[in-house]
Every structure is written in structure tokens, then in C-alpha cells.
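Summary of structural features
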Amino acid sequence: DDTRISASLKSGHLREDLEPSGGYKPAAAAAETAEAKGEGKVLVCARCHSLRHYGRVKHPDAERLLPDFDFVAAVGPRLASPSGARSLVLLLADASDFDGSFPRAVARLVAAAGEAHRADWKHGAPANLPRALLVVTKLDLLPTPSLSPTMCTRGRTPRARAGAGSDLRLAGVHLVSAARGWGVRDLLEHVRELSGTRGNVWAVGARNVGKSTLLNAIARCSGIVGRPTLTEAPVPGTTLDVIKLDGVLGAQAKLFDTPGLLHGHQLTSRLTSEEMKLVQVRKEMSPRTYRIKTGQSIHIGGLVRLDVEELTVGSIYVTVWASPLVPLHMGKTENSAALMKEHFGLQLQPPIGQERVKELGKWVRKQFKVSGNSWDTNSKDIAIAGLGWFGIGLKGEAVLGLWAYDGVDVISRSSLV
Ligand code: GDP
């Protein structure tokens, strides 16, 4: 329902991005393509149609069935071949959803490749072991006044290691904003230095992490005008291909773009394109803060709910970091069930429509115990993969309940801002 979406876009700045809601119309798509080509009946792949027209697969079933790109199987064997060229993996993570977007499985693969060869190390790491660079994208989304190199790097490396589940050795951490051009040149220079003349560089990231935007910025920075030339697909048999970007790193080193990974634990992976438009953060995040007591709850749209279950103090401060297009609701926890039944999908969007509430699945609770000694600085964040986070400021102790759709990752971490 476009009218409703438009109405909820208070600032109206995303309006131009909204397409008429066409839904999933393979038949119409087929007719359209046939007409355009002046041919008879043609078979149109619904996925291609959706990708072309909406930038993503719209139909929930198609989305669910669309296979994830198996980087481990497709690229893994090429990463640490003893005689092969050295690999450099660019692990991309979104600044506004670091833990949710961090490509854990690939990081584990890189870490494991190093571990496997550790016993053979006599004089340091063998020259052909794969290396990894952590690239934190969309830095411009974090609030500017609190941005400092220390703030940004603090916690990133340990969290990346935690995500990799093993001893991930990072050759460096880069904080970039392809949209603003921040850090792109430094990253390109470092990649060139690490890949040497013959290296293979693999850019890896979850869908929507900003990989295409970054690769285009890198290509522009390297002097290639417009889009980089897409050539061979060096990994045969993959449904969605790995693509070589010619000329970006010089004559011999190769840069490969890999298909965006589907992270089922990111809320965004379950949303329709209309819902995504509400949830995705597009410009610098602005926090919304509440003072809240025991027995009260905060909802972020119809997507998550934070309950204050027990407090050793009168109240705590909860700051919501999420897209401004998603409405918040604060009220008594005892009214939450009624709110979910009557308002989820309607006043509290996304999900858009009450049917979608059922589709998103079971609503489950995770408990967090938080302690702190300041009202002004947040002690902990409770982050919801693909959505944002709650910053908790308190002097004392709190027991909090976080409700979200089953399977969506919810974690607590040291406060980011
Ligand atoms: P991919 O799926 O990883 O290739 O992601 P895209 O490059 O298509 O970007 C996904 C979304 O993030 C798009 O809406 C981009 O406009 C946006 N985006 C990408 N890079 C940046 C950035 O540096 N800053 C901001 N604010 N948005 C970005």
C-alpha cells in the first residue's frame, strides 16, 4: 500500500525511491519482455525480473528459495592453494549493523586456513596464506560528533574475531564511506600493497552491505571511468557468479566481486522491498531517547520490543538507533499483546499488513542483565541484526527482555556511541 508508506515517510525524502507496488507478476513480466523484444512467448525468470525492476527478489517464497552464495565451497579451495597466488579477502561489514552484517563464515574460513598451516610455520606465516582486511562500510551513517578513530576501531577487531570464532589475523581495519569517498583511496593503496603483483582479491559481504557502491568507488579511484569492466566468471558451477573486475588493481593482481551473502539472522533478509525501504538507514542516524521504568516497553515498529522487567533504580534511559522511518511506541508491557494483535502491520510498520506479521514467524524473548554507573553514557547496546540497536544508560542494574522474530540475531555488546 503505497499511500500508507508515503504517509509514514514524514520527511518525504525517500518518496522518489518508491516504485509503484507491482507485486510478483511473472506473467506480466513475460508479456512485457516479449512485447519489448517483439517476440512470441518467452520464459522470464521471476528472480531476474524482480532484480531488474525492484533491485531484489520480491516474492517471499522466491526470496527464501533463492540460494545463498556458498563462498566457502566456491572460493574456499582457491584461497590457500600452496602453489597459487596469494589471496586477500576484503571482509565487508556495515557500520550501522556491524555484527549482523559481518561475514562470519568467510572469516572463519580465512582463520581456519591460517590455523591449518600453523604447524608448518617455521619463519613466520607462509607467503601464500590468505589474508583478510576488515572494511567497515557506510561510516557516514554513524553520528559525526561521536566519530573518532578510537571510537570506531575500539571493539571492531575483537568483535570481528568473535564473529570468526577463531584466531582471525587481520592485516588491517579500514573505515570507509563510499558515498562520501572517505577512506577509499587509503583502502585501494593498502589492497594494492597487500595483493602485490599477482594476488587475488575477493570482496565479500552480506547483501546490501554497500559492496557494489564501494567497488565502483574503488574503480573510480583507480582511474577507471564509469563502471569497471565485468569479464570472466572464474568459479564455474555457481548459480550466481563471481565476477572479475578488470584493471582496478593493475596489470596482474585480480579483484573479484562475489555475490552478496544472504544472512538469515539479519532481519532485513526477511523483509519485502517495501519494508526494507522503511528499515534501511540511509543518512546519518539520529537517536531517539526515552526514560523508562519497570513494567514499560518500547517497540520499534512491529519488529522488536524491549521490556524493562526489573530495575534496582527508578528508571533507565533507552536510546533507539534505527531508521527514522520506523515508528516507535512506548507503553505498558501489559498492553503489548493487544498492541501486537491490533496495531502490528498497521500503525506499527513494518511489517506492512497484518498478514506479514504471521509470515515473519514466532516472536521469542531473550533476557539481558545490564549494569552501569552513568546516566550520560550508555553502558551496553542491545543490537538487533539488520535493524539497529538500543543503547542502555543506567546507574544500577536492570533485567531487560528483548522480543524479536525467531532466528533474528540479538546480541549485547559494549556501547558503540
Ligand atoms: P551491495 O548489495 O552490497 O552491493 O550494496 P549496494 O552497494 O547496492 O548498497 C546498498 C545500499 O546501501 C544502497 O541503498 C546504497 O545507496 C547504500 N550505500 C552504499 N554505500 C553507502 C555509504 O557509504 N553510505 C551510505 N549512507 N549508504 C550507502
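Residues numbered from 1 in each chain as written. Predicted model: local features only at pLDDT ≥ 70, side-chain atom pairs only at ≥ 80, totals over all residues. Heavy atoms only, no water.

Notes on the overall build of the protein chain
Looking only at helices and strands, the protein chain has 14 helices and 15 strands in total. For the protein chain, contacts bridging at least 24 residues in sequence account for 72% of all contacts bridging at least 6. (Helix = DSSP H or I, 4+ residues; strand = E, 2+ residues; numbered from the N terminus. Contact = heavy atoms within 4.5 Å.)

Points about the side chain of aspartate 257
When you line up the elements, aspartate 257 lands in strand 6 (residues 254-257). Exposure remark for aspartate 257: the relative accessible area of 17% places this residue in the buried category. Here lysine 211 takes part through its side chain, which lies 2.6 Å from a polar atom of the side chain of aspartate 257. (Buried < 20%, exposed > 50% of the residue type's maximum accessible area, 1.4 Å probe, protein only. Polar contact = N/O pair within 3.5 Å; in protein donor to acceptor, adjacent residues only side chain to side chain.)

Observations concerning the pattern of salt bridges
Here the structure, examined in full by the defined rule, presents 10 salt bridges. A salt bridge links aspartate 409 to arginine 104; the shortest N-O distance between them is 2.4 Å. One end of the pair, aspartate 409, is in the loop between strand 14 (388-405) and strand 15 (410-414); the other, arginine 104, is in helix 7 (residues 104-118), with 305 residues separating them in the sequence. In this structure aspartate 409 comes out as partly exposed when scored by relative accessible area, which is 24%. (Salt bridge = Lys/Arg side-chain N within 4 Å of Asp/Glu carboxyl O.)

Side note on the environment of arginine 291
Mapped onto the elements of the fold, arginine 291 is located in strand 7 (residues 288-292). Take arginine 291: its relative accessible area is 56%, and that puts it in the exposed class. Along the backbone, arginine 291 and methionine 330 are 39 residues apart, and their C-alpha atoms lie at a distance of 9.8 Å. A polar contact of 2.9 Å, which involves the side chain of arginine 291, links it to the side chain of serine 315.

Details of unusual backbone geometry
Glutamine 349 connects to proline 350 through a cis peptide bond whose omega is -15°. Positive phi values are uncommon outside glycine, yet lysine 138 reaches one of about 55°. Within the secondary structure, lysine 138 sits in the loop between strand 2 (131-137) and helix 8 (149-153). Since its relative accessible area comes to 22%, lysine 138 is described here as partly exposed.

Describing the sheet that holds strand 5 (residues 243-245)
Reading across from one edge, 3-2-1-4-6-5 is the order of the six strands in this open sheet, with mixed pairing throughout. Of all the strands in the sheet, the pair left with one neighbour each is strand 3 (170-175) and strand 5. If you compare each strand with its neighbour and ignore which way they point, the axes differ by 25° on average. Across five bridges, strand 2 lies against strand 3 in parallel orientation. The partner of valine 136 across the bridge, within strand 3, is leucine 175. (Pairing = 2+ DSSP bridges. Axes fitted to C-alpha atoms, helices over the stretch in contact; angles between N-to-C directions.)

Quick word on the site of the ligand
Around the ligand sit 15 residues in total, of which Asp140, Asn208, Lys211, Ser212 and Thr213 are the nearest. Here a nitrogen atom of the ligand sits 2.7 Å away from a polar atom, N or O, in the side chain of aspartate 140. Within the backbone of alanine 179, an N or O atom sits 3.1 Å from an oxygen atom of the ligand. In isolation the ligand offers 580 Å² of accessible surface; the protein chains occlude 74% of this area. (Near = heavy atom within 4 Å. Areas by Shrake-Rupley, 256 points an atom, 1.4 Å probe, with all protein chains shown as cover.)

Brief notes about the confidence of the model for the protein chain
A residue-level look at the protein chain finds 70% of positions with pLDDT of 70 or above and a mean pLDDT of 78. In the predicted structure, residues 1-50 sits below a pLDDT of 50 and forms 56 contacts with residues beyond four places in sequence or in another chain. Confidence over residues 230-239 falls short of pLDDT 50; this stretch has 21 contacts with residues more than four positions distant or in other chains. (pLDDT = per-residue confidence, 0-100.)

Topic: the pairing of strand 1 (residues 87-94)
A large share of strand 1 lies buried, amounting to eight of its eight residues. Burial along strand 1 is two-sided: Ser87, Val89, Leu91 and Ala93 facing one way and Leu88, Leu90, Leu92 and Asp94 facing the other are all buried. Of the strand pairs in this sheet, strand 1 and strand 4 (residues 200-204) are connected by five bridges, and their pairing is parallel. Pairing of leucine 90 across the sheet is with alanine 203, part of strand 4. Of the strand pairs in this sheet, strand 1 and strand 2 are connected by seven bridges, and their pairing is parallel. If you follow leucine 92 over to strand 2, its bridge partner there is valine 135.

Points about the packing of aromatic side chains
If you walk through the whole model with that rule in mind, you get five aromatic pairs. Where tryptophan 202 meets phenylalanine 256, the ring centres are 4.4 Å apart and the plane angle is 25°; that geometry is what we call stacked. Placement of tryptophan 202 in strand 4 and of phenylalanine 256 in strand 6 is noted, with a sequence separation of 54 residues between them. Judged by relative accessible area, which is 0%, tryptophan 202 ranks as buried. Geometrically, the ring pair formed by tryptophan 321 and tryptophan 389 is stacked, given 5.4 Å between the ring centres and 15° between the ring planes. Placement of the pair is tryptophan 321 in strand 10 (residues 316-321) and tryptophan 389 in strand 14, with a sequence separation of 68 residues. Tryptophan 389 gets classed as buried once you look at its relative accessible area, which sits at 1%. The rings of Phe344, Trp363 and Tyr405 are connected pair by pair, giving a single aromatic cluster. (Phe/Tyr/Trp six-rings, centres within 6.5 Å; stacked < 30°, edge-to-face > 60°.)

So, the packing of helix 10 (residues 184-195) against helix 11 (residues 211-221)
Direction vectors running N to C along helix 10 and helix 11 enclose 80°, while the axes themselves pass 10 Å from each other. It follows that helix 10 is roughly perpendicular to helix 11 by the angle criterion. Every residue of helix 11 that contacts helix 10 at Val184, Arg185, Leu187 and Leu188 is listed here: Leu214, Ala217, Ile218 and Cys221. When grouped by side-chain class, the residues that make up the contact of helix 10 with helix 11 number seven nonpolar, no polar and one charged. (Parallel < 35°, antiparallel > 145°, perpendicular 65-115°, else oblique. Nonpolar A, V, L, I, M, F, W, Y, C, P; charged D, E, K, R; others polar.)

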